[in-house]
Amino acid sequence: MVRFRLFPSIFTFLLLFLINTADAQLVSGPMLGHTELRTAKIWVELVPGSTATIVVKSTKDGKEVFKTSETTGKSSWYAPVTFDVVGLDMNTSYDYEVLVTGVGEKKPVVAGKGTFTTSELWQWRKPAPDFSFLAGSCAYFNEPQYDRPGKPYGGDSSIFETMAKEKAGFMLWLGDNWYLREPDYFSKWGIWYRAHRDRSMPILKDFLKAMPQYAIWDDHDYGSNDADKSFSLKEESRKVFTNYWANAAYGFNGEGIYSRMSQNDCDFFLMDDRTYRSSDDMTPTVYGKPNPNKRMWGPTQMEWLKNALLNSKAPFKFIVTGSQTLNPASPFDCLQDYPVEFEELMAFLDAENISGVVFLTGDRHHSEVIKYARKDKYPLFDITSSPLTSGIGRVFGTEKDNPARIANTLVEAQNYTRITISGKTGERIMKVEFVSIKGEVMGTWSISEKELKNK
């Protein structure tokens, strides 16, 4: 009887030891990144000096199809790792395990596991599949010793538990994905620390591996509040960003974070609204004309966007950027406050007859849909999604009864956005839903691809 009672105690102790050892070596993750027809990215963060091995097996028959290892540097401040899983089959589900061998250890421990499915090759074979994705911005996790005094700015982070239960194709983070504080953005280490600390929040664990995660940035995960191209540590910010996300690409020639990705029959143009941005305080006009020096995206990125839009045949072309673009009543930064670029983009869309353009933005700490009417052209729309966990930014003044806002779309509460694309070829419908912490729909709006074409 004595031996029988001791056995489960020893077993429990060993089990807890193994679990704690794994948790100690895997700082955060796994996170599913860019997933394609035959490839996938899987991200983890380790204790510096640890070795991680990823083993990928077919869900159907358990056959191992991919395995690789990476050892991190002992002298690194932090040790994020992105595995490029290649040579996969299309439209196939896979299980993976991340095994970690800690510093001084000989045997690896299973530290994380998950499942993913590669994309389907539907082109030239069948109609585009219906799908949905999530979007949101402004995720603040409280850290009292570094936060400003008073009421905590970060709200209920259980929203990520709700999001983890969604059967969505992917998540699109719209900037302010973490918030640098005063002790962070004056040092390289501080920028790394903030990304490391916020990513390691346990509440994120299930969500990060539930679906592929894509991101752009805005000021708070780039630098100080309203940071622009003058931010002295912007190269380090880019290094941190590219190490803590797993997008398909980041800018060109080692600059910027902008890129294009496709999901089924939709295209997403992930913009960088900080690297090339002029100060918000720069005067927008000079002698009654747009100030040619005040730019948000910069000439190189604008030229890239124009060509990428021309190259796209998607029914919905999402221009994804941190700041709002179309809101005439916004008291804060907006693309219209950079008139030389705003007018250049509007003229380009008109001249080239670009259909299906929709803006997807964050930043404002409330959600809404803004309509921008154009003479003899289809109207443009800006879908703003915010905040995930940050403080609420209620509308005021002339913005309170903004005539450009679509009725019943204003949400002044924590929320995320669910966007669903469905319907027959040539008749695709986009449905936008603003969803609460508990999964309740608080605002909704829909539009067809036919309404985003010039007559």
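Here the structure is shown first, and the text comes after it.
Note that the structure is predicted; figures quoted are calculated from it, not measured. (Residues numbered from 1 in each chain as written. Predicted model: local features only at pLDDT ≥ 70, side-chain atom pairs only at ≥ 80, totals over all residues. Heavy atoms only, no water.)

Engineer: So what about the packing of helix α6 (residues 299-311) against helix α7 (residues 339-352)? Which residues, and what values?
Structural biologist: Relative to each other, α6 and α7 sit at 20 degrees, their axes nearing to 11 Å. Classified by the angle between their axes, α6 and α7 sit roughly parallel to one another. Where α6 crosses over α7, the two elements pack in a sense that is right-handed. Every residue of α7 that contacts α6 at M302, L305, K306, L309 and L310 is listed here: E341, E344, L345, F348, L349 and E352. When the residues that make up the contact of α6 with α7 are grouped by side-chain class, the tally is 7 nonpolar, no polar and 4 charged. (Axes fitted to C-alpha atoms, helices over the stretch in contact; angles between N-to-C directions. Helix = DSSP H or I, 4+ residues; strand = E, 2+ residues; numbered from the N terminus. Parallel < 35°, antiparallel > 145°, perpendicular 65-115°, else oblique. Left-handed = near helix turned anticlockwise from the far one by under 90°. Contact = heavy atoms within 4.5 Å. Nonpolar A, V, L, I, M, F, W, Y, C, P; charged D, E, K, R; others polar.)

Engineer: Explain the side chain of T101 residue by residue, including any values.
Structural biologist: Along the chain, T101 turns up in strand β6 (residues 93-101). Residue class for T101 comes out buried when judged on its relative accessible area of 17%. (Buried < 20%, exposed > 50% of the residue type's maximum accessible area, 1.4 Å probe, protein only.)

Engineer: Residue-level account of the sheet that holds strand β3 (residues 51-58), with values.
Structural biologist: Pairing is antiparallel in the open sheet, where 4 strands are placed in the order β4-β3-β6-β7. Edge strands, defined here as strands with exactly one partner in the open sheet, are β4 (64-71) and β7 (109-117). Each strand axis lies, on average, 15 degrees off the axis of its neighbour in the sheet, ignoring direction. Bridging between β3 and β4 involves 7 bridges; their strand directions are antiparallel. For V56, the partnering residue across the bridge sits in β4 and is F66. (Pairing = 2+ DSSP bridges.)

Engineer: Tell me about the pairing of strand β18 (residues 377-384), and name the residues and values.
Structural biologist: Consecutive residues of a regular strand have side chains that alternate between opposite faces of the sheet. Of all 8 residues in β18, 7 are buried; the element is thus mostly enclosed. Both strand β16 (residues 357-361) and β18 contribute to a ladder of 3 bridges, which runs parallel. Looking at the pairing, L360 lines up with I383 of β18. Two elements, strand β17 (residues 368-374) and β18, share 6 bridges in a ladder whose sense is antiparallel. When the sheet's bridge partners are listed, E368 is paired in β18 with T384. Two successive antiparallel strands, β17 and β18, enclose a turn made up of 2 residues, where D376 displays a positive phi of approximately 60 degrees.

Engineer: Give me the lowdown on unusual backbone geometry, citing residues and values where you can.
Structural biologist: Glycine aside, residues mostly have negative phi angles, and peptide bonds mostly take the trans form. Following G29, the chain continues into P30 via a peptide bond in cis, with omega recorded as 0 degrees. You will see that N91, though not glycine, has its phi angle at about 50 degrees, which is positive. Here N91 shows up in the loop between β5 (79-85) and β6. Accessibility expressed as a relative area gives 47% for N91, which makes it partly exposed. One non-glycine residue, W124, lies in positive phi territory at about 65 degrees. Following the sequence through the fold, W124 ends up in the loop between β7 and β8 (131-136).

Engineer: Explain the pairing of strand β19 (residues 416-422) to me, and be specific about the residues and the numbers.
Structural biologist: Across the 7 residues that make up β19, a large majority, 5, are buried. As paired elements, β8 and β19 share 5 bridges and run antiparallel to each other. Residue pairing in the sheet places F131 in a bridge with I421 of β19. Where β19 and strand β20 (residues 429-435) come together, 7 bridges link them in antiparallel fashion.

Engineer: Describe the nonpolar core, with residues and values.
Structural biologist: L172, F268, F318, L360, I383 and M430 are the most contacted members of the largest nonpolar core, which totals 57 residues. With 41 residues, the next largest nonpolar core counts A168, W192, L388 and I437 among its residues. (Core = buried A, V, L, I, M, F, W, Y, C linked by side-chain atoms within 4.5 Å.)

Engineer: So what's going on with the environment of N454? Which residues, and what values?
Structural biologist: Mapped onto the elements of the fold, N454 is located in the segment after β21 (441-448). Once residues lying within four places of it in the same chain are set aside, the contact partners of N454 are N353, R374, K377 and Y378. Among the polar contacts listed, one links the side chain of N454 to the side chain of N353, at a separation of 2.5 Å. At 2.9 Å, the side chain of N454 forms a polar contact with the backbone nitrogen of Y378. (Polar contact = N/O pair within 3.5 Å; in protein donor to acceptor, adjacent residues only side chain to side chain.)

Engineer: Please give an account of the pattern of salt bridges that cites residues and values.
Structural biologist: Within the structure shown, the criterion is met by 30 salt bridges. One salt bridge connects D280 with R277, and the closest N-O pair in it is separated by 3.1 Å. D280 sits in the partly exposed class, given a relative accessible area of 22%. On the basis of relative accessibility, which here comes to 0%, the residue R277 falls in the buried class. Ionic contacts of the salt-bridge type, sharing partners, join the residues D218, D273, R274, R277, D280 and D333 into one network. (Salt bridge = Lys/Arg side-chain N within 4 Å of Asp/Glu carboxyl O.)

Engineer: Explain the packing of aromatic side chains to me, using residue names and the numbers behind them.
Structural biologist: Considering all chains together, one arrives at 34 aromatic pairs under this definition. Taking 5.9 Å as the distance between ring centres and 20 degrees as the angle between the ring planes, the aromatic pair formed by F160 and W173 counts as stacked. With F160 in helix α2 (residues 159-164) and W173 in strand β9 (residues 171-174), this residue pair connects regions lying 13 residues apart in the sequence. No difference in accessibility class separates F160 from W173, as the two residues are buried. Geometrically, the ring pair formed by F160 and F207 is tilted, given 6.1 Å between the ring centres and 35 degrees between the ring planes. Separated by 47 residues along the polypeptide, F160 in helix α2 and F207 in helix α4 (residues 205-208) bring together distant segments of the chain. The same class applies to F160 and to F207, which are both buried. (Phe/Tyr/Trp six-rings, centres within 6.5 Å; stacked < 30°, edge-to-face > 60°.)

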